[in-house]
Amino acid sequence: MNLVIWIHGIEGENFTDLEIQACKDSVSKTIGDFSNWNHRLFNWNQEVHDREVQLWDRVQNRGNFLTKQIRKGICFQGCDLWWTLQTLKDGQPGFINYDVQKNLDLIVKSNPFETLHFVCHSWGNWIGLRYIISHPEIKFNLISLGNPLFYGSGAFADWGDPGLLSNIKQWVNVAIENDPIATLSSDNPNPKWKGFVKDHDLSFFNPLPIKSHCAYWSKDEVQKIITDGLKNFRVG
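About the thresholds
- Residues numbered from 1 in each chain as written.
- Predicted model: local features only at pLDDT ≥ 70, side-chain atom pairs only at ≥ 80, totals over all residues.
- Heavy atoms only, no water.
- Helix = DSSP H or I, 4+ residues; strand = E, 2+ residues; numbered from the N terminus.
- Rg over C-alpha atoms; globule rule 2.2 N^0.38 Å.
- Buried < 20%, exposed > 50% of the residue type's maximum accessible area, 1.4 Å probe, protein only.
- Bend = angle between axes of the 7 residues up to and from the residue.
- Contact = heavy atoms within 4.5 Å.
- Polar contact = N/O pair within 3.5 Å; in protein donor to acceptor, adjacent residues only side chain to side chain.
- Salt bridge = Lys/Arg side-chain N within 4 Å of Asp/Glu carboxyl O.
- Pairing = 2+ DSSP bridges.
- Axes fitted to C-alpha atoms, helices over the stretch in contact; angles between N-to-C directions.

Caption draft 1: Highlighting the overall build of the protein. Along the protein, the regular secondary structure elements total seven helices and six strands. For the protein, the sequential pattern of α-helices and β-strands runs β-α-β-α-α-α-β-α-β-β-β-α-α. Its C-alpha atoms give the protein a radius of gyration of 18 Å, near enough to 18 Å, the size a compact globule of 236 residues would have. Its C-alpha atoms give the protein principal-axis dimensions of roughly 55 × 40 × 40 Å. Each of the 236 residues in the protein was classed as buried or not, and the buried ones make up 47%.

Caption draft 2: Structural context of unusual backbone geometry. One non-glycine residue, serine 122, lies in positive phi territory at about 55 degrees. Positionally, serine 122 belongs in the loop between β3 (115-121) and α5 (124-134). Taking the relative accessible area as the measure of exposure, serine 122 reaches 7% and is therefore buried. A positive phi angle, close to 60 degrees, is found at tryptophan 159, a residue other than glycine. Mapped onto the fold, tryptophan 159 is located in the loop between β4 (140-145) and β5 (168-176). A relative accessible area of 36% places tryptophan 159 in the partly exposed class.

Caption draft 3: Spatial organisation of helix α3 (residues 65-86). The principal kink in α3, of about 55 degrees, is found at glycine 78. Of the residues making up α3, those classed as buried are Cys75, Phe76, Cys79, Asp80, Trp83 and Thr84. The inward-facing, buried residues of α3 abut α2 (49-59), α4 (96-109) and α5. Two or three places before leucine 66, at the start of α3, stands the capping residue asparagine 64, its side-chain oxygen 3.2 Å from that residue's backbone nitrogen.

Caption draft 4: Structural detail: the pattern of salt bridges. This structure, assessed with the given rule, holds four salt bridges. The partner of aspartate 25 in a salt bridge is lysine 24, with the nearest N and O atoms 3.3 Å apart. Assessed through its relative accessible area of 45%, aspartate 25 is described here as partly exposed.

Caption draft 5: Looking closely at the sheet that holds β5. Taken in spatial order, the six strands line up as β2-β1-β3-β4-β5-β6 in an open sheet, and their pairing is parallel. Both edges of this open sheet fall to β2 (37-42) and β6 (198-202), since each of them pairs with a single strand only. Sheet twist, expressed as the average angle between the axes of neighbouring strands with direction ignored, equals 15 degrees. Two elements, β4 and β5, share six bridges in a ladder whose sense is parallel. Among the inter-strand pairings, leucine 142 is bridged to a residue of β5, identified as tryptophan 171.

Next comes the structure, spelled out in structure tokens:
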């Protein structure tokens, strides 16, 4: 049994999973063989949205129009990042990172599998990678879309060592050229990453960078890369 968990990125005030659901359903239909493929969407936005609404209700009336828009962005996008990073080492209930990882683990443990695949977009790559690092006993197939993780590799003197991610047996990375959040493994100064990640550098006309970052789920070429990355994966 192949278990595919789809993990979205940070979301705005009015989160909808319609696009990722449509992509998931299209890929699932293309692969077929429904008795051997189980696709599950992990909506981690549920862990943070109510708290973000409470925060926004308290700060939304302060400042002028532009100040309010910035505050809104901090509440509904910035806090997704801030809270998961701030509680990274707090391994107990009531802390956002703990709750997110716990609920991802519930999906994994409640769905039998022989092969585990993650399809992650944007900050969802961080959520997925944290789980991968915490479970070295599981072999993973990781497909990343609009992945910002290689920006963070500068925090390490060697720009990160892929050898520490030996339980990732395949990593397919998809980036759109005009997406400023997306990174390529080939941009990493550590040459070890070159053979570890298979990059797909795509180009679609869109003059608005943030629109490019949100375009992955709806692109036929991206759906084909996801489909091939799932179907052709074999645990070595």
